[in-house]
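# Breakdown of the fold
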Amino acid sequence: MIVRTRFAPSPTGYLHLGGARTALFAWAYARHFGGTFILRIEDTDLERSTPQAVQAILDGMAWLGLQHDEGPFYQMQRMDRYREVVAQLLANGSAYHCYSSPAEVEAMRERQRLAGDKPRYDGAWRPAPGKTLPPVPADRQPVVRFCNPLDGEVTWIDLVKGPITIANREMDDLVIARPDGTPTYNFCVAVDDSDMEITHVIRGDDHVNNTPRQINILHALGAKLPEYGHLPMILGTDGEKLSKRHGAVSVMDYPAQGFLPEAMLNYLARLGWSHGDEEIFSMAQFIEWFDLDHLSKSPAQFNPEKLAWVNNHYIKHTDDAQLAGLVRPLMVDAQFDGSPDLARAIGLMKERANTLIEVASATMLFYRQPQPDAALLTQHLTEAVKPALAEFATRCETVEWSKAAIAAMIKEVLTSHGLKMPQLAMPLRLLLTGQLQTPAIDAVIELFGRSLVQKRLLNGLE
Ligand code: GLU
């Protein structure tokens, strides 16, 4: 089976989570079948499209690693092609010039509303056998309307929603070109899907209503119809449409907040799709498993806590040296001179971090001067404990510098002074790091290294 899918965002804002999920599914479907994934930028809405939004889409796709095989195609660069197809449809009788003015169309709609009918173009300029069209008004540029079939219905088997049927009588004769000749939205989409030989249109279900119009245009073009799969929306945990209230909705806010692209992809993949109970899987597995048979018909819910949980998983399973490369730029105030190896420090701290920012801030422990709180020092650095700390400091000169040997030495010091672990560990933590919460003290000591430990203990015990 030849599969060609596309992601066709309108560059009117950032790439939001819903768009990224659509892109991911279209991409994975193409990859699953060894097909082609196309990126098309639908930038014909000149008032709302911006180059910054185009860049945001490209950046988001690049960060997620959703590489396209063809494109990006920009609709604004395809205007000649759309004009050519408009001319073709005019020539073969599938479209016609309509000289009704906007005011006339509005008045027509108002009459229909008053009569309790669905407002639609009344076909005044639609040619028909034996019909005489009104005289062409002087100085008025026509729009081009598509001859939508008058009877019958459009049915497609939606790959997500199942069969959908819409009566042609529900549809207007769509304007496909404005008075200045510029083509309109649904027409461009249909021409592109045909020219780009798209086999599967996977998109948000806000486009269900456009589909029968596009199908009718594709029929008029003599094009092969793609299959359509409309993905249900992503909602917030409160069941409302996803918005800023629910956390960041722009994909590119996530790298800045310390999320890994692998985590975002894995999380997005589960929004509306499942493979048994699998929660954590690689993109290779996702591509292998992904089909359109296991898509949910109901809206997915965006859950930031689950995203954080998935991110924590990927942080824990990312190699320490690789994490160090990502985290180092985030540690702006860190003193790296003479300090422990960052990868090893991260290895101690990453377990409980939900974001790279949390990794960075936890790891700062090893890269700043300790400034223990005076009251805490009074509480933990008691006269009873000082001799044990002094012995510990002395034995640091000669002990083999391994976690096991340090742990054994701590035990001996505790025994010889009749102390319990926290009585020694707490002041050690304070003097070495300035805080009471650290990973296991033997691991912390080993990581700091002999000379830094000795220096800080001597300073603290002065
Ligand atoms: N440009 C449309 C959007 O951003 C998508 C069109 C399509 O996928 O057919 O919502």
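Counting of residues starts from 1 at the beginning of each chain's written sequence and follows it residue by residue. Note on the predicted model: pLDDT of at least 70 is required for a residue's local features to be given, and 80 or more for side-chain atom pairs to be given and counted; whole-chain, interface and lining totals, by contrast, use all residues. Think of the side-chain values as coming from all heavy atoms in the structure, minus any hydrogens and water.

Turning our eyes to something else, we now look at the side chain of Asn210. Secondary-structure assignment places Asn210 in the loop between β9 (200-204) and α6 (211-220). Only protein chains enter the area calculation, which uses a 1.4 Å probe; residues under 20% of their type maximum are buried, those over 50% are exposed, and those in between are partly exposed. The exposure class of Asn210 is buried, given its relative accessible area of 15%. For Asn210, the residues in contact, after removing those within four places along its chain, are Tyr185 and Asn186. Counting from the N terminus, the helices are DSSP H or I runs at least four residues long and the strands are E runs at least two residues long. Every residue pair with non-hydrogen atoms within 4.5 Å of one another is taken to be in contact.

Time to look at the packing of aromatic side chains. The way to describe two aromatic rings as a pair is by their centre distance and the angle between their planes. Two rings from Phe, Tyr or Trp (for Trp, the six-membered ring) form a pair when their centres sit within 6.5 Å of each other. Planes less than 30 degrees apart are called stacked, planes more than 60 degrees apart edge-to-face, and all others tilted. In total, this model carries 17 aromatic pairs according to the counting rule given. Geometrically, the ring pair formed by Trp273 and Phe290 is tilted, given 5.9 Å between the ring centres and 50° between the ring planes. Placement of Trp273 in the loop between α8 (261-269) and α9 (283-289) and of Phe290 in the loop between α9 and β12 (300-301) is noted, with a sequence separation of 17 residues between them. Since its relative accessible area comes to 2%, Trp273 is described here as buried. Counting every residue linked through ring pairs, the aromatic cluster contains Phe25, Tyr29, Phe33, Trp273, Phe281, Phe286, Trp289 and Phe290. Charge over a ring is defined by NZ of Lys or CZ of Arg lying within 6 Å of the ring centre and within 35 degrees of the ring normal. It is Arg328 that lies over the ring of Phe336; its NZ or CZ is 3.9 Å from the centre.

What follows concerns the site of the ligand. The rule for a residue being near a molecule or strand is that one of its heavy atoms must lie within 4 Å of it. Taken together, the neighbourhood of the ligand is formed by Arg6, Ala8, Pro9, Ser10, Glu42, Tyr185, Val189, Arg203 and His207. Separating a nitrogen atom of the ligand from a backbone N or O atom of Ala8 is a distance of 2.7 Å. At 2.6 Å, a side-chain N or O of Glu42 approaches a nitrogen atom of the ligand. The protein chains hide 82% of the 300 Å² of surface that the ligand would expose on its own. Here the shell around the ligand is built from residues that sort into four nonpolar, two polar and three charged. Definition of a polar contact: a pair of N or O atoms within 3.5 Å, with one able to donate and the other able to accept a hydrogen when the atoms are protein atoms, and with sequence-neighbouring residues admitted only if both atoms are side-chain atoms. Exposure was quantified through the Shrake-Rupley algorithm and a 1.4 Å probe, taking into account, for residues, occlusion by the shown protein chains and nothing else. Ten residues, namely Ala, Val, Leu, Ile, Met, Phe, Trp, Tyr, Cys and Pro, are considered nonpolar, four, namely Asp, Glu, Lys and Arg, are considered charged, and the remaining ones, Gly among them, are considered polar.

Glancing now at helix α3 (residues 79-91). Residue pairs spaced three or four apart in an α-helix point in one direction, given the helix's 3.6 residues per turn. A helix is expected to reach a length of 1.5 Å times the quantity of its residues less one. Compared with the 18 Å implied by 1.5 Å per residue over 13 residues, the 18 Å span of α3 between its first and last C-alpha is a close match. Among all positions of α3, only Met79, Tyr82, Val85, Val86 and Leu89 are buried. One side of α3 carries all its buried residues, which in axial view fall inside an arc of 125°. Away from its buried face by more than 90 degrees, α3 exposes Asp80 and Ala91. In this structure, the buried residues of α3 make contact with β4 (95-98), β5 (143-146), β8 (175-177), α5 (185-195) and α6. Just downstream of α3, Gly93 is the residue with a positive phi angle, here 80°. Regarding the arc, it is the one traced by the directions from the helix axis to the C-beta atoms.

Glancing now at the packing of helix α15 (residues 386-396) against helix α17 (residues 421-433). Between the N-to-C directions of two axes lies an angle of 0 to 180 degrees, each axis being a line fitted to C-alpha atoms and, for a helix, fitted only over the stretch in contact. Following both chains from N to C, one finds α15 and α17 inclined at 65°, their axes separated by 10 Å at the closest point. Relative to α17, the crossing made by α15 is right-handed. Between α15, through Ala388, Leu389 and Phe392, and α17, the contact on the second element is made entirely by Leu424, Pro427, Leu428 and Leu431. Crossing chirality is assigned from the near helix's rotation relative to the far helix, an anticlockwise turn below a right angle marking it left-handed and a clockwise turn marking it right-handed.

Glancing now at the nonpolar core. What is meant by a nonpolar core is a set of buried Ala, Val, Leu, Ile, Met, Phe, Trp, Tyr and Cys residues, joined one to another through side-chain atoms within 4.5 Å. Leu24, Phe286 and Ile445 are the most contacted members of the largest nonpolar core, which totals 103 residues. Residue contributions to this core peak at ten residues, all from helix α1 (residues 17-32). Excluding its chain neighbours within four sequence positions, the residues that come into contact with Phe286 are Leu24, Phe25, Ala28, Ala269, Trp273 and Phe281. Grouped together as the second largest cluster of nonpolar side chains are 30 residues, Ile166, Cys188, Val191 and Tyr228 included.

This part covers unusual backbone geometry. Cis rather than trans, the peptide bond between Gly71 and Pro72 has omega equal to 0°. For Pro72, the location among the structural elements is in strand β3 (residues 70-74). With a phi angle near 60°, Asp139 is a residue other than glycine that sits in the positive phi range. Inspection of the secondary structure assignment puts Asp139 in the loop between α4 (102-114) and β5. On the accessibility criterion, Asp139 (84% relative accessible area) is exposed. Here Glu197, not a glycine, exhibits a phi torsion of approximately 50°, which is positive. Structurally, Glu197 can be placed in the loop between α5 and β9.

In this fold, His200 is placed in strand β9. With a relative accessible area of 3%, His200 lands in the buried category. Expressed as a C-alpha distance, the spacing of His200 and Gln141, which sit 59 residues apart in the sequence, is 37 Å. Among residues more than four places away in sequence, those in contact with His200 are Met1, Val3, Arg4, Thr5, Arg6, Tyr29, Leu159, Pro226 and Glu227. Of the polar contacts made by the side chain of His200, one reaches the side chain of Thr199; its length is 2.7 Å.

So, on to the environment of Asp291. Looking at the element boundaries, Asp291 is found in the loop between α9 and β12. For the pair Asp291 and Ala138, spaced 153 residues apart in sequence, the C-alpha separation works out to 56 Å. When residues no more than four places from it in sequence are discounted, the contact partners of Asp291 are Tyr29 and Trp273. Within the structure, the side chain of Asp291 is placed 3.1 Å from the side chain of His294, a separation counted as a polar contact.

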